[in-house]
Amino acid sequence: MGLGGLQHYTIEPSDLERTKDFYCDVLGLENGDRPPLDFPGYWLYSGGTATVHLMGTRKPREGIVVRGTEKKFEDTGRLDHIAFAANDVDGMRKRLQSKGVKFRESIVPRTGDTQFFLYDPDGVGVELNFPKP
């Protein structure tokens with residue numbers, strides 16, 4: 001069981017379109033393919049890799065805090081979460097459960113990858129991505 005390289009970072013901007021325009025027009029990232037998720041946003045690519053994810057307003061979900069609904073984490077600024085490539089989904093699930101860490105598990109539309117979403121002690125979101133077996 002181990003973590004791989006950093007995959008992307010996600011920003012929850014106050015103005016989705018203005019932020020997309022900044023990253024694309026000013027920094028040269030390219031707006032690209034994004035799975036059919038149930039909230040607005042953009043995946044911005046650098047060198048063929050989706051490096052920056054911009055996320056619009058989300059709906060509250062069972063078992064996890066969504067910013068702006070129940071609790072706000074002011075100390076993390078506009079950073080929403082960090083994501084890691086991971087392996088051994090069963091081992092990680094057991095590890096998190098044994099340590100009493102609350103997390104939400106989901107399957108990515110179209111790809112079938114498994115994702116775990118959790119928060120660190122300071123409220124920074126962490127995403128673990130396990131490739132479909």
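Just above, that's the structure.
All values derive from a computational prediction rather than experimental measurement. (Residues numbered from 1 in each chain as written. Predicted model: local features only at pLDDT ≥ 70, side-chain atom pairs only at ≥ 80, totals over all residues. Heavy atoms only, no water.)

K.L.:
What is the right way to look at the environment of Leu 16 in this model?
P.N.:
You can see Leu 16 is positioned in helix H1 (residues 16–26). Classification of Leu 16 as buried rests on a relative accessible area of 17%. Separated by 38 residues in sequence, Leu 16 and Leu 54 place their C-alpha atoms 7.0 Å apart. Ignoring anything within four residues of it in the chain, the contact list for Leu 16 reads Pro 40, Gly 41, Tyr 42, Leu 54, Met 55 and Gly 56. (Helix = DSSP H or I, 4+ residues; strand = E, 2+ residues; numbered from the N terminus. Buried < 20%, exposed > 50% of the residue type's maximum accessible area, 1.4 Å probe, protein only. Contact = heavy atoms within 4.5 Å.)

K.L.:
Help me out: how do you make sense of the sheet that holds strand E7 (residues 114–119) in this one?
P.N.:
Hydrogen bonds between backbone groups are what pair the strands of a sheet, and the pairing can be parallel or antiparallel. What the eight strands build is an open sheet, ordered E2-E3-E4-E1-E5-E8-E7-E6; its pairing is mixed. Two strands lie at the open edges of the sheet, namely strand E2 (30–32) and strand E6 (104–107), each paired on one side alone. Ignoring which end each strand starts from, the neighbouring axes of this sheet average 30 degrees apart. Across the sheet, H1 lies against strand E1 (3–11), E2, strand E3 (41–46) and strand E4 (49–55), angled at about 5 degrees from E3, the strand it touches most. Against the sheet, helix H2 (residues 89–98) engages E1, E6, E7 and strand E8 (125–130), with an angle of about 25 degrees to E7. (Pairing = 2+ DSSP bridges. Axes fitted to C-alpha atoms, helices over the stretch in contact; angles between N-to-C directions.)

K.L.:
Would you take a moment to explain the packing of aromatic side chains for this structure?
P.N.:
Two aromatic rings, taken as a pair, are described by how far apart their centres are and by the angle between their planes. One pass over the structure, following the stated rule, counts three aromatic pairs. Ring geometry for Phe 116 against Phe 130: centres 4.9 Å apart, planes inclined by 55 degrees, an arrangement best described as tilted. A residue pair is termed long-range when its members are at least 10 positions apart, and Phe 116 in strand E7 and Phe 130 in strand E8 qualify at 14 residues. The class of Phe 116 is buried, set by a relative accessible area of 0%. For Phe 130, a relative accessible area of 3% puts it in the buried group. Each residue in the set Phe 103, Phe 116 and Phe 130 is aromatic and connected to the rest through ring pairs, giving one cluster. Above the face of the Tyr 42 ring, Lys 20 is positioned so that its terminal group lies 5.3 Å from the ring centre. Its end group placed over the ring of Phe 39, Arg 34 keeps NZ or CZ at 5.1 Å from the ring centre. (Phe/Tyr/Trp six-rings, centres within 6.5 Å; stacked < 30°, edge-to-face > 60°. Lys NZ or Arg CZ within 6 Å of the ring centre and 35° of its normal.)

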